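Below are the chains, spelled out letter by letter.
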Amino acid sequence: MVVALIIACEVGFWVLLVAGLALRYLARMPRTGAAVLLTEPLLELVLLVVTAIDLKNGAAADWKHGLAALYIGFTVAYGHYMIKWADGHFLHRFAGGPPPVRPPKYGLPRARHELRLWLRTLLGMAVAAALLQAAIWYVGEDGDAASLRATQGAAARILLVHGVITATYFIWRKKEPARPAATGQADLPPRKTLR
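The present account deals with the structure reproduced in this document. Since the structure is predicted, the reported quantities are computational estimates derived from the model, not experimental observations.

Rules used throughout
- Per chain, the residues get numbers from 1 upward, laid out in the order the sequence is written.
- Reporting of local features is limited, given that this is a predicted model, to residues whose pLDDT is at least 70; pairs of side-chain atoms are given and counted only at 80 or more, and all residues count toward the totals for whole chains, interfaces and linings.
- To obtain the side-chain values, all non-hydrogen atoms of the structure were used and water was disregarded.
- To qualify as a helix, a DSSP run of H or I must reach at least 4 residues; to qualify as a strand, a run of E must reach at least 2; elements of each kind are numbered from the N terminus.
- Burial classes: relative accessible area under 20% of the type maximum marks a residue as buried, over 50% as exposed, and values in between as partly exposed (1.4 Å probe, protein chains only).
- It only takes one pair of heavy atoms within 4.5 Å for two residues to be counted as in contact.
- Per-residue and other accessible areas follow the Shrake-Rupley method at a 1.4 Å probe size, with only the shown protein chains counted as cover for residues.
- Counted as positive: Lys and Arg. Counted as negative: Asp and Glu. His and the chain ends are not counted at all.
- Lysine's charge is taken at NZ, arginine's at CZ, aspartate's at CG and glutamate's at CD.
- Like-charged residues within 9 Å of one another, or nonpolar side chains (Val, Leu, Ile, Met, Phe, Trp, Tyr) within 5 Å, are grouped into patches, provided each residue has over 30% relative accessible area and no salt bridge.
- Here a salt bridge means any side-chain nitrogen of Lys or Arg lying within 4 Å of a carboxyl oxygen belonging to Asp or Glu.
- What we call a nonpolar core is a set of buried Ala, Val, Leu, Ile, Met, Phe, Trp, Tyr and Cys residues that are connected through their side-chain atoms within 4.5 Å.

Details of the overall build of the protein chain
When helices and strands are counted, the protein chain shows six helices and zero strands. Element order for the protein chain, N to C, with α for helix and β for strand: α-α-α-α-α-α. Overall, the C-alpha framework of the protein chain stretches about 100 × 45 × 25 Å when taken along its three principal axes. Buried positions account for 31% of the 195 residues belonging to the protein chain. Long-range pairs, those at least 24 residues apart, make up 71% of the contacts in the protein chain between residues at least 6 apart in sequence. Surface summary for the protein chain: the accessible area is close to 13100 Å², and the carbon and sulfur share equals 67%. Taking the average place of the 22 positive charges on the side chains of the protein chain and the average place of its 12 negative ones, the gap between the two points comes to 20 Å.

Take a look at the structure:
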């Protein structure tokens with residue numbers, strides 16, 4: 001049941017996102033669109049409540065409950081970022097807005113962008129770890145919380161791997177390709193004329 005709810009929450013996230021943006025830009029109802037977008041966090045709240053009820057009703061704590069915590073953590077950290085990204089693209093495509101700002105590709109600006117993404121991952125994994133710890137305490141010493149602890153370890157590994165990838169952007173900064181110099185007529189060899 002928990003896995004089906006996670007899938008439903010993910011589908012619901014994208015349905016609400018598209019509906020909110022369509023109301024905002026296509027139907028020219030910005031307040032209604034914003035109200036629909038503001039309902040997105042309710043999906044994660046429902047998932048949290050259902051997961052807690054599942055554990056309370058005696059379900060063995062397993063990977064499904066850990067996955068729910070990771071999903072909620074990811075949504076807390078990246079949900080607003082994804083909504084903002086989609087909003088920029090929707091505004092450009094359907095409402096004549098400016099092209100969305102793309103992340104930098106080269107050098108220190110790219111490394112800083114990657115660091116900001118890693119900080120989001122840090123937030124998401126911290127939220128997930130806290131939810132998992134609350135579930136471990138809830139299950140208590142009598143219950144089997146090994147899978148929840150294993151998911152905490154997985155969250156730490158996700159954070160570590162993303163951190164290593166982020167560090168590579170600082171160590172080996174990608175350089176912008178050299179642009180060829182503009183050539184004028186003076187740079188061209190003289191033409192030979194046939195008589």
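Read on, since the account is not over.
Details of a nonpolar patch on the surface
Judged by side-chain polarity, Leu115, Leu119, Leu122, Phe170, Ile171 and Trp172 come together as a nonpolar surface patch covering roughly 590 Å² of accessible area. Elements that contribute at least two residues to the nonpolar patch include exactly α5 (107-139) and α6 (146-171). If you tally residues by element for the nonpolar patch, the top one is α5, at three residues. Relative to the helices and strands, Leu122 resides in helix α5. For Leu122, a relative accessible area of 34% gives the class partly exposed.

Considering the nonpolar core
Counting residues in hydrophobic clusters, the biggest one holds 18 residues, and the most contacted among them are Ile6, Cys9, Phe13, Leu17, Leu21, Leu47 and Tyr71. Going through the elements one at a time, α1 (2-26), α3 (40-56) and α4 (63-95) are the ones with two or more residues in this core. Per-element accounting of this core gives the leading share, eight residues, to α1. Contact partners of Ile6, with chain neighbours within four places excluded, come to Leu47, Lys64, Leu67, Ala68 and Tyr71.

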